[in-house]
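Architecture at a glance
In case you want the letters, here they are:
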Amino acid sequence: MPEPVSLHATGASGRREWRLIGYASGNFGKNLVWSTADITLLFILTDLVGMPVASAALLMTIAVVGDLIFDLVAGAISAQVKAHGAGYRWLITYAAIPCGIAFMLLYALPWWGEHRFWTIAAVVLVFRVAFAVVDVPHFAMMASMASDSRARGRTAGYRSFFSTISSLIIATFVVPFAEKSTSSGDAAPLAAFGSCAALIFSVVMAISAHAGNLPPAGRSSRKAISLRLSIPKLAPCFWRCSSLRW
């Protein structure tokens, strides 16, 4: 006869599954702000803010190139936090606040009437830097979510589900809403959307961070990881293959 399953084990399994779902919900918030900005921001800057196309293209190029540096810095910050035993939850929670504020300001630019290049560039860069500090540790938390591949596979599936729901909302409501605001020239609804999306993002990331991160077990005995970044050495085979290609 099969052994009966204890209610305690069933309850623990259920709590663990809800913990995975809570962590994965962060992908809804991240995708909501990042994909929205990725799809609509350039058109808003040119059509509503009135920024010249060349200036807007330069700004977005600087931001995209800067993402490499932002991710490296975010990784170094996350490593320092982890080395000190603080965990990622407060890093994600606090970094989500300036990220959400910067997103709100970006979509309030037409209503605000701000046209200066460097002011807009500063808001864009703050948004991308703060998002990197949220995104990198949130990804890193997945390794501590489960000890077996099946649970990690379910976690990846939950993440994909929340990202898909967010993308569906963006495609169905946000993009047409942004196009309507651009065509009508009415910037107030767009600013209201930015505020609501920023609030949703901040709340969801706080829920995700606290659901997905175990409480810290005191200060880690490991030495703090240096913020200095180094370039790994490449194997001689890589150089030979590169020279043959070129």
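Residues numbered from 1 in each chain as written. Predicted model: local features only at pLDDT ≥ 70, side-chain atom pairs only at ≥ 80, totals over all residues. Heavy atoms only, no water.

Our focus in this paragraph is the overall build of the chain. For the chain, the helix and strand inventory stands at eight helices and zero strands. Order of helices (α) and strands (β) in the chain, N terminus to C terminus: α-α-α-α-α-α-α-α. When contacts within the chain are restricted to residue pairs at least 6 apart in sequence, those whose partners lie at least 24 apart make up 86%. Accessible surface, the chain as shown: approximately 14,200 Å² in total, 70% of it carbon and sulfur. (Helix = DSSP H or I, 4+ residues; strand = E, 2+ residues; numbered from the N terminus. Contact = heavy atoms within 4.5 Å. Areas by Shrake-Rupley, 256 points an atom, 1.4 Å probe, with all protein chains shown as cover.)

Here Ser183 shows up in helix H6 (residues 149-184). Given a relative accessible area of 64%, Ser183 falls into the exposed group. (Buried < 20%, exposed > 50% of the residue type's maximum accessible area, 1.4 Å probe, protein only.)

Moving on: the packing of helix H2 (residues 26-49) against helix H4 (residues 89-112). Helix packing for two helices is described by the angle between their axes and how far apart those axes are. The N-to-C vectors of H2 and H4 enclose an angle of 25°; their axes lie 9 Å apart at closest approach. When the axes of H2 and H4 are compared, the pair comes out roughly parallel. Handedness of the H2/H4 crossing: left-handed. Only Phe103, Leu106, Tyr107, Leu109 and Pro110 of H4 make contact with H2, whose side of the interface consists of Val33, Thr36, Ala37, Thr40, Leu41, Ile44, Leu45, Leu48 and Val49. Across the contact of H2 with H4, the residue classes break down as twelve nonpolar, two polar and no charged. (Axes fitted to C-alpha atoms, helices over the stretch in contact; angles between N-to-C directions. Parallel < 35°, antiparallel > 145°, perpendicular 65-115°, else oblique. Left-handed = near helix turned anticlockwise from the far one by under 90°. Nonpolar A, V, L, I, M, F, W, Y, C, P; charged D, E, K, R; others polar.)

With that settled, the discussion passes to the side chain of Glu17. Secondary-structure assignment places Glu17 in helix H1 (residues 7-24). Here Arg154 takes part through its side chain, which lies 2.9 Å from a polar atom of the side chain of Glu17. Excluding residues that lie within four positions of it along the chain, Glu17 makes contacts with Arg154 and Tyr158. (Polar contact = N/O pair within 3.5 Å; in protein donor to acceptor, adjacent residues only side chain to side chain.)

Glancing now at helix H3 (residues 53-83). When the terminal C-alpha atoms of H3 are compared, their 44 Å separation across 31 residues agrees well with the 45 Å that a helix rising 1.5 Å per residue should span. Taking the largest bend as the criterion, H3 deviates by roughly 35°, centred on Asp67. (Expected span 1.5 Å × (residues − 1). Bend = angle between axes of the 7 residues up to and from the residue.)

The interhelical angle for the contact between H2 and H6, taken along N-to-C directions, is 25°, at an axis separation of 8 Å. On the basis of their axis angle, the class for H2 and H6 is roughly parallel. With respect to the hand of their crossing, H2 and H6 are arranged in right-handed fashion. Of the residues contributing to the contact of H2 with H6, the split by class is eleven nonpolar, ten polar and two charged.

Turning our attention to a nonpolar patch on the surface. Among the surface-exposed residues, Trp90, Tyr94, Ile97, Ile101, Leu105, Trp111 and Trp112 lie close enough to one another that they form a single nonpolar patch of about 780 Å² accessible area. Tracing the chain through its elements places Leu105 in helix H4. Residue Leu105 is classed as partly exposed on the basis of its relative accessible area of 30%. (Patch = residues over 30% accessible without salt bridge, like charges linked within 9 Å, V, L, I, M, F, W, Y side chains within 5 Å. Salt bridge = Lys/Arg side-chain N within 4 Å of Asp/Glu carboxyl O.)

What follows is about the confidence of the model for the chain. Here the chain averages 81 in pLDDT, and 78% of its residues register 70 or above. Ranking the elements of the chain by mean pLDDT puts helix H8 (residues 236-245) last with 43 and helix H5 (residues 117-140) first with 94. Contacts from residues 215-232, a stretch scored under 50 in pLDDT, to residues over four places away or in other chains number 25 contacts. Between residues 237-246, whose pLDDT stays under 50, and residues either more than four places distant or in other chains, the model counts one contact. (pLDDT = per-residue confidence, 0-100.)

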